[in-house]
Amino acid sequence: MIERPEYIKKLLTFKDKKIVKIITGVRRCGKSTMFELYQEELKQQGVKPGQIQSINLEDLDNEPLKDYHRLYEQITKNLIPNVQNYVFLDEVQVVPEFGQVVNSLYLKSNVDIYLTGSNSKIQSKDIASKIEREYVTIPMFPLSFKEYLTARDSVSSGNLDSLYDDYLMYSSFPRALSFKTAANSWDKAAVRQYLYDLYDKIVLKDIVENKNISDTSRLESVIKFMADNISKETSINNIANTMTTHGRKIDNKTVESYIEAFCDSFVLYKANRYDVKGKEILKTLNKYYLVDLGLRYLLLGDKKTDSGKMLENVVYLELLRRGYNVYIGKVDRKEVDFVAEGANGTEYYQISDTILDEDTFAREISSLEVIDDHNPKFILTRDYDTSSYKGIRIQNVLKWLAGQK
């Protein structure tokens, strides 16, 4: 199993607190495995196996437990009195009335509750209506570049570039690493089939079922459009008009519904625009980012000219992993790639494949120079020269992703 220490650390922060822990994320990003790792950590801390109950509600063996009465009965009859019990419910959204179970378990003083979910039925808007107790959501993603390097057992900076290329093309989903051959090459057909099966499950089954969609071809056209336009300012109207122009007639309402479904299933992430000087979120021309760029290769093929867009996508997801709220910055008539608000304040980021060209350097610097506050400012680039300019820190983005100096 691939270690995910950052997520274990977050869970331990809330261990034994009277609050429901909910781990959300796209299918197969590692939530079930992370539960296993966390349970092993609990055992190392002295928790007995009998104090732990873990139920995967998508397992056919647990089909009867989709009845919330039977699920509650199954859990309560196995609780050990007078000690803390740890209850893990994996893919809890398949139980229509899961809130009833959680609310009742919460009333017991010796139960610590952990849930996972993969789609809109475990979104905050649904949680609020079903769980009447305090909860915290912990978003989970496929492997970060740092986790990927650890899993590949390769952390030297000398091959970061080739490893990064693999990370993009062959996916950040943990299971994809199993298709790395002993000869240090990839079973490309196996990776592609794995990603297609995942895409089929999320897009052509989960979303179609949740949204009662009859015409899957339009749904697929929208996700391909979004994958092709990561990191570009996008409006619902523009998407509908562009698709209609290319012979795929679709109205604004349908586009909006489909994009919402992709976001609810954690396939897409929406970044709002933010007026840096006015300190307000803007309502138009948002950007969207894809949860995994291996899926983009699956949908669009090898588009090497899009390296800058993909790099921006990777950095956006990494900032989310590090706990930031991330926006697209607008300051006067310039754009800042990311405004990242975290526990320790705000940071600004420009992302560029290279800034060795003078015009590119001037453009990236100018967007940060017009911000007149004293929050940290960064340019992340594939260049390996590390320096600073007027207080703006220039860093190699692959080292930054890998957690290296």
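An account of the accompanying structure is given in this report. (Residues numbered from 1 in each chain as written. Predicted model: local features only at pLDDT ≥ 70, side-chain atom pairs only at ≥ 80, totals over all residues. Heavy atoms only, no water.)

## Structural notes on the environment of V26
Applicable threshold: The numbering of helices and of strands both runs from the N terminus, where a helix is a DSSP run of H or I of at least 4 residues and a strand a run of E of at least 2. Contacts: residue pairs with any heavy atoms within 4.5 Å of one another.
Its location among the elements puts V26 in the loop between strand 1 (20–24) and helix 2 (31–44). Placed 117 residues apart in sequence, V26 and L143 show a C-alpha to C-alpha distance of 12 Å. Contact partners of V26, with chain neighbours within four places excluded, come to K31, M140, P142, F173, I202, S265, F266, V267 and V291.

## Points about unusual backbone geometry
The criterion, for reference: The buried label applies to any residue whose accessible area, calculated with a 1.4 Å probe on protein chains only, is under 20% of its type's maximum; exposed applies above 50%, and partly exposed to all values in between.
At N82, a residue that is not glycine, the phi angle is positive and equals roughly 70 degrees. On the secondary structure map, N82 appears in the loop between helix 3 (68–77) and strand 3 (85–90). In this model, E91 sits at a positive phi of 60 degrees, which is unusual for a non-glycine residue. For E91, a relative accessible area of 7% puts it in the buried group.

## Concerning the pattern of salt bridges
The cut-off we apply is this: Each salt bridge in this description consists of a side-chain nitrogen of Lys or Arg and a carboxyl oxygen of Asp or Glu lying within 4 Å of one another.
Inspection of every chain in the model, using the stated rule, returns 25 salt bridges. Notably, a salt bridge pairs E40 with K43, separated by 3.4 Å at the nearest N-O pair. You can see E40 and its partner K43 sitting in helix 2, 3 residues apart, about one turn around the helix. Residue E40 is classed as partly exposed on the basis of its relative accessible area of 38%.

## Things to note about the sheet that holds strand 2 (residues 52–56)
Applied cut-off: Here a strand pair is declared whenever DSSP counts at least two bridges between the two strands. Here, axes are lines fitted to C-alpha atoms. For helices the fit covers the stretch in contact, and angles between N-to-C directions go from 0 to 180 degrees.
With respect to topology, 5 strands assemble into an open sheet ordered 2-3-4-1-5, the strand pairing being parallel. Both outer strands of the open sheet, strand 2 and strand 5 (135–139), are each paired with one neighbouring strand and no more. Strand-to-strand, the axes of this sheet are offset by a mean angle of 15 degrees, without reference to chain direction. In the packing of helix 1 (residues 5–14) onto the sheet, contacts are made with strand 1, strand 4 (111–117) and strand 5, and the angle to strand 5 comes to roughly 175 degrees. Against the sheet, helix 2 touches strand 1, strand 2, strand 3 and strand 4, its axis set at about 170 degrees to strand 3.

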